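Architecture and fold: a report
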Amino acid sequence: YLTYTNEKTHKIILDNIDRSPLYNGTILSIGPRYCPSIETKVMRFKDKERHQIFVEPEGANSEEMYVQGMSTSLPHDVQEQMYRTLPGLENCRFAKYGYAIEYDCLDPLGMYPSLESKAVGGLFSAGQMNGSSGYEEAAAQGLIAGINAARKADGKDALILARDEAYIGVLIDDLVTKGTNEPYRMMTARAEHRIMLRQDNADMRLTPIGRQIGLVDDARYARYLEKKRMIENVLAASQKTVQRNKIESLFVRIGEEIPQKTPTLAELCRRPAVTHTDVKEFIDFDCDDEALSAAVVELKYEGYLKKEQAAVNEQKRLENKLIPKDFDYESIKALRIEARQKLSEIRPLNLGQASRISGVSPADVAVLIVALR
């Protein structure tokens, strides 16, 4: 359900703001940017007459409702007053009150991309303690930290996912290369290669890696190989022209003019109005909906994906140039002082990571390339 705060709500909050740990000095840390408390919203956006609130069921069979957008650290008596000013919540009763938290974290710049501590070998960390939020971000780090702790115990190289391979790779690279001064959230906008990082191709991207490190069983790998085979069959057939007698009904259905020249399957897929279900009748071999949908996405965005891949290949040249762990940056006088300090502190594993450090310019990277040679 949807409701809104109002003038009465805001007055109660402002009259009691000195009782909020977030504002009376009890809590000193920076709160999360993307889900601030209601008192933070009222204080920060004083021109807003109301704030949108979602009333969400806690579960299918629960009578409890979660009031999304109204998190708070105010005392219980204030919470009861302000919640009951919301339309629809005039008679609400509380099962649990809102509360504030403040937690310490490790500086993520003190970790390798494997999530192993630089200061204490063999110590791996994951989640909120690394400065990220505690949801999907924490689960993603837990997976990688667990994999790499096990691999270190077995004397194997660490698994490090690249920024073009997975959002996990972007998340961890951001934390260990740039650090963070507020709880880090993973957003698509943080990934420069996000057109490649889609949920429809996550299995194609990551199943082979999972198989290689022993986390994908035979049955799952067989499903992956079958889907891969079907996608490749569609892509191989995409340059052939489709049957002329079938396109007329399709173009009438999507409300477009029938082309004079018979299109290839790829050209058909690139039309915005054409979906994988429309294409199904042009496929005369075995291919399920999931594989067909994935193949059509590849064909629709083929031009963009080629540009993206070229950018990835260029970046890979830098990623493949490794930097010795004991490299002496202070001895490279041609590097700017800030670059020397940042590089000495973060100790990047390769030139690609070095180029992403805040305060390290392209000119510094060029100097570093010469020094490494």
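Residues numbered from 1 in each chain as written. Predicted model: local features only at pLDDT ≥ 70, side-chain atom pairs only at ≥ 80, totals over all residues. Heavy atoms only, no water.

1. Here we look at the nonpolar core
Threshold: We define the nonpolar core as a collection of buried residues of types Ala, Val, Leu, Ile, Met, Phe, Trp, Tyr and Cys that are connected through side-chain atoms lying within 4.5 Å of one another. Note on exposure labels: buried denotes an accessible area under 20% of the residue type's maximum, exposed denotes more than 50%, and partly exposed covers the range between, all computed with a 1.4 Å probe on protein chains only. Comment: elements are numbered from the N terminus, with helices defined as DSSP H or I runs of at least four residues and strands as E runs of at least two. Two residues form a contact once any of their heavy atoms are found within 4.5 Å.
Among the nonpolar cores identified, the biggest contains 23 residues, and Val234, Leu265, Val279, Phe282, Ile283, Cys287 and Leu292 are the most heavily contacted of them. Those elements giving two or more residues to this core turn out to be helix 7 (218-237), helix 8 (244-254), helix 9 (265-269) and helix 11 (289-300). The dominant element in this core, judged by the number of residues it contributes, is helix 11, at six residues. Leave out the neighbours within four places in its chain, and Val234 touches Leu265, Ile283, Phe285, Cys287, Leu292 and Ala295. Of all hydrophobic cores here, the second largest spans 17 residues; its members include Met111, Leu115, Leu159 and Tyr184.

2. Regarding the packing of helix 7 against helix 11
Quick reminder of the rule: Angular values range over 0 to 180 degrees, each being the angle between N-to-C directions of two axes fitted as lines to C-alpha atoms, with helices fitted over their stretch in contact. With respect to orientation, any angle under 35 degrees is reported as roughly parallel, any angle over 145 as roughly antiparallel, any angle of 65 to 115 as roughly perpendicular, and every other angle as oblique. Here a crossing is taken to be left-handed if its near helix is turned anticlockwise relative to the far helix by less than a right angle, and right-handed if that turn runs clockwise. Each residue gets one label: Ala, Val, Leu, Ile, Met, Phe, Trp, Tyr, Cys and Pro are nonpolar, Asp, Glu, Lys and Arg are charged, and the others, such as Gly, are polar.
Contact geometry of helix 7 with helix 11 gives a least axis separation of 9 Å together with a crossing angle of 45°. By the angle between their directions, the pair helix 7 and helix 11 is classed as oblique. Remark: the crossing between helix 7 and helix 11 carries right-handed chirality. On helix 11, the residues touching Lys227, Met230, Ile231, Val234 and Leu235 of helix 7 are Glu290, Ala291, Leu292, Ala294, Ala295, Glu298 and Leu299. The residue makeup of the contact of helix 7 with helix 11, split by class, is nine nonpolar, no polar and three charged.

3. Digging into the environment of His76
Here His76 shows up in helix 3 (residues 76-83). Each C-alpha atom, one on His76 and one on Lys96, is 9.7 Å from the other, the two residues being 20 residues apart in sequence.

4. Considering the pattern of salt bridges
Applied cut-off: Salt bridge, as applied in this entry: a Lys or Arg side-chain nitrogen positioned within 4 Å of an Asp or Glu carboxyl oxygen.
Under the criterion given, the structure shown has 31 salt bridges. Its salt-bridge partner being Asp77, residue Arg19 comes within 3.2 Å of it at the nearest N-O pair. Taken as a pair, Arg19 in the loop between helix 1 (7-15) and helix 2 (38-44) and Asp77 in helix 3 lie far apart in primary sequence, 58 residues in all. On the basis of relative accessible area, Arg19 is assigned to the partly exposed category, the value being 35%. Here Asp364 and Arg336 are joined by a salt bridge, their closest N and O atoms 2.7 Å apart. Here Asp364 is found in helix 15 (residues 362-372), whereas its partner Arg336 is found in the loop between helix 12 (302-319) and helix 13 (337-346), with 28 residues between them in sequence. Its relative accessible area of 2% is what places Asp364 among the buried residues. With a relative accessible area of 38%, Arg336 lands in the partly exposed category. Within the structure, one salt-bridge network assembled from shared partners comprises Arg163, Asp173, Asp174, Lys178, Glu192, Glu319 and Arg356.

5. Details of helix 3
We apply this condition: The arc under discussion is defined with respect to the helix axis, by the directions toward the C-beta atoms.
For helix 3, the full list of buried residues reads Val78, Gln79, Met82 and Tyr83. When helix 3 is viewed along its axis, its buried side chains cluster within an angular range of 120° and face the same direction. Each element contacted by the buried residues of helix 3 is listed here: helix 1, helix 2 and strand 3 (65-68).

6. What about the packing of aromatic side chains?
Heads up, the condition is: Pairing of aromatic side chains here covers Phe, Tyr and the six-membered ring of Trp, requires ring centres within 6.5 Å, and sorts the geometry by plane angle: under 30 degrees stacked, over 60 edge-to-face, intermediate tilted.
For the structure on display, the rule yields five aromatic pairs. Look at Phe94 and Tyr97: their rings are 4.8 Å apart centre to centre, the planes differ by 15°, and that puts the pair in the stacked class. The exposure class of Tyr97 is partly exposed, given its relative accessible area of 27%. Aromatic side chains Phe327 and Tyr329 sit 5.1 Å apart centroid to centroid with 65° between the ring planes, which places their arrangement in the edge-to-face category. For the pair shown, Phe327 and Tyr329 are each scored as buried.

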